[in-house]
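Below are the chains, spelled out letter by letter.
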Amino acid sequence: MSQKVQQAATNSLISKYINKQTLKYVFTTHFWGPISNFGIPIAAVYDLQKDPNRISGPMTGALIAYSAVFMKYALAVQPKNFLLFACHFINETAQLGQGFRFLNYHYFIDDAKRAKIDEKFAIKEALERQQQEEAEK
């Protein structure tokens, strides 16, 4: 690609994405609200790998309701806030996964399977503790 073509493409890209409207949007709560909120779905996705015995059923239910309400709100405001919608959609999906894990662990599996799950996570926690102690030495 020639230097003139590359420069024209770069200028076109910059003028398309870095302009007054984009910069205005970056400095609004429509942008920073969802960005600061993304910690919740990131934590929820990370928690999908943790021990199901530690899941709080009432809290998971509250977060499912919270994300459902705010998904609707994100589309009800003007202009529509698709970034907020995406944040709560990810959280809703992760919380539904957590809710399934909670119900499955506490109500739908037998004691033998529950003991196997507990053993798996007890071994995992013991290994993590051992690694942490070795790292501290």
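Residues numbered from 1 in each chain as written. Predicted model: local features only at pLDDT ≥ 70, side-chain atom pairs only at ≥ 80, totals over all residues. Heavy atoms only, no water.

The protein chain has the name Mitochondrial pyruvate carrier in an unreviewed UniProt entry, where Henningerozyma blattae is given as its organism. In UniProt, the protein chain has this text filed under Sequence similarities (unreviewed entry): "Belongs to the mitochondrial pyruvate carrier (MPC) (TC 2.A.105) family." For the protein chain, the Function (unreviewed entry) comment in UniProt is given as "Mediates the uptake of pyruvate into mitochondria." (UniProt positions renumbered as here; feature names shortened; annotations may be inferred.)

Chemist: Can you explain the overall build of the protein chain? Please cite residues and give values.
Modeler: When you go through the protein chain residue by residue, the secondary structure sums to seven helices and zero strands. Listing each helix as α and each strand as β along the protein chain from the N terminus yields α-α-α-α-α-α-α. A compact globule built from 137 residues would reach a C-alpha radius of gyration of about 14 Å, whereas the protein chain, at 22 Å, exceeds it by more than 25%. The principal-axis extent of the C-alpha atoms belonging to the protein chain is close to 70 × 45 × 30 Å. Restricting the contact set of the protein chain to residue pairs at least 6 apart, pairs at least 24 apart contribute 76%. When the accessible surface of the protein chain is totalled, it reaches about 10,300 Å², and 64% of it is carbon and sulfur. (Helix = DSSP H or I, 4+ residues; strand = E, 2+ residues; numbered from the N terminus. Rg over C-alpha atoms; globule rule 2.2 N^0.38 Å. Contact = heavy atoms within 4.5 Å. Areas by Shrake-Rupley, 256 points an atom, 1.4 Å probe, with all protein chains shown as cover.)

Chemist: Describe the side chain of Q98, and please don't skip the residues or the numbers.
Modeler: Mapping Q98 onto the fold places it in helix α6 (residues 82–108). Among all residues touching Q98, those that are not within four sequence positions of it are D47, L48, I55 and T60.

Chemist: I'd like to hear about the packing of aromatic side chains, residue by residue, with values.
Modeler: Where two aromatic rings form a pair, the distance of their centres and the angle of their planes describe that pair. Tallied over the entire structure, the rule returns four aromatic pairs. The interplanar angle of 70 degrees and the centroid separation of 5.8 Å between the aromatic rings of F70 and Y73 together place this pair among those described as edge-to-face. You can see F70 and its partner Y73 sitting in helix α5 (residues 57–76), three residues apart, about one turn around the helix. Taking relative accessible area as the criterion, F70 reaches 32% and is therefore assigned partly exposed. (Phe/Tyr/Trp six-rings, centres within 6.5 Å; stacked < 30°, edge-to-face > 60°. Buried < 20%, exposed > 50% of the residue type's maximum accessible area, 1.4 Å probe, protein only.)

Chemist: For the packing of helix α4 (residues 39–47) against α6, give the residues involved together with the corresponding values.
Modeler: The contact between α4 and α6 brings their axes to 8 Å, and the two run at 30 degrees. Taken together, the axis directions place α4 and α6 in an arrangement best described as roughly parallel. Like other packed secondary-structure pairs, α4 and α6 cross with a definite hand, here left-handed. Here I40, P41, A44, V45 and D47 of α4 lie close against α6, whose contacting residues are C87, I90, N91, A94, Q95, Q98 and R101. (Axes fitted to C-alpha atoms, helices over the stretch in contact; angles between N-to-C directions. Parallel < 35°, antiparallel > 145°, perpendicular 65-115°, else oblique. Left-handed = near helix turned anticlockwise from the far one by under 90°.)

Chemist: An account of the pattern of salt bridges is needed here, citing residue identities and associated values.
Modeler: Tallying each qualifying case throughout the model produces three salt bridges. A salt bridge links D47 to K50, with the nearest nitrogen and oxygen atoms 3.7 Å apart. Among the residues examined, D47 registers a relative accessible area of 28% and is labelled partly exposed. Between R54 and E125 there is a salt bridge; the shortest N-O distance is 3.0 Å. Pair noted here: R54 is in the loop between α4 and α5 and E125 is in helix α7 (residues 111–136), with a separation of 71 residues, a long-range link. Taking the relative accessible area as the measure of exposure, R54 reaches 63% and is therefore exposed. (Salt bridge = Lys/Arg side-chain N within 4 Å of Asp/Glu carboxyl O.)

Chemist: A description of the side chain of H88 should follow, citing residues and the corresponding values.
Modeler: Along the polypeptide, H88 turns up in helix α6. Using a relative accessible area of 2% as the deciding quantity, one classes H88 as buried. If sequence neighbours within four positions are ignored, H88 has contacts with N37, Y66, S67, F70 and M71.

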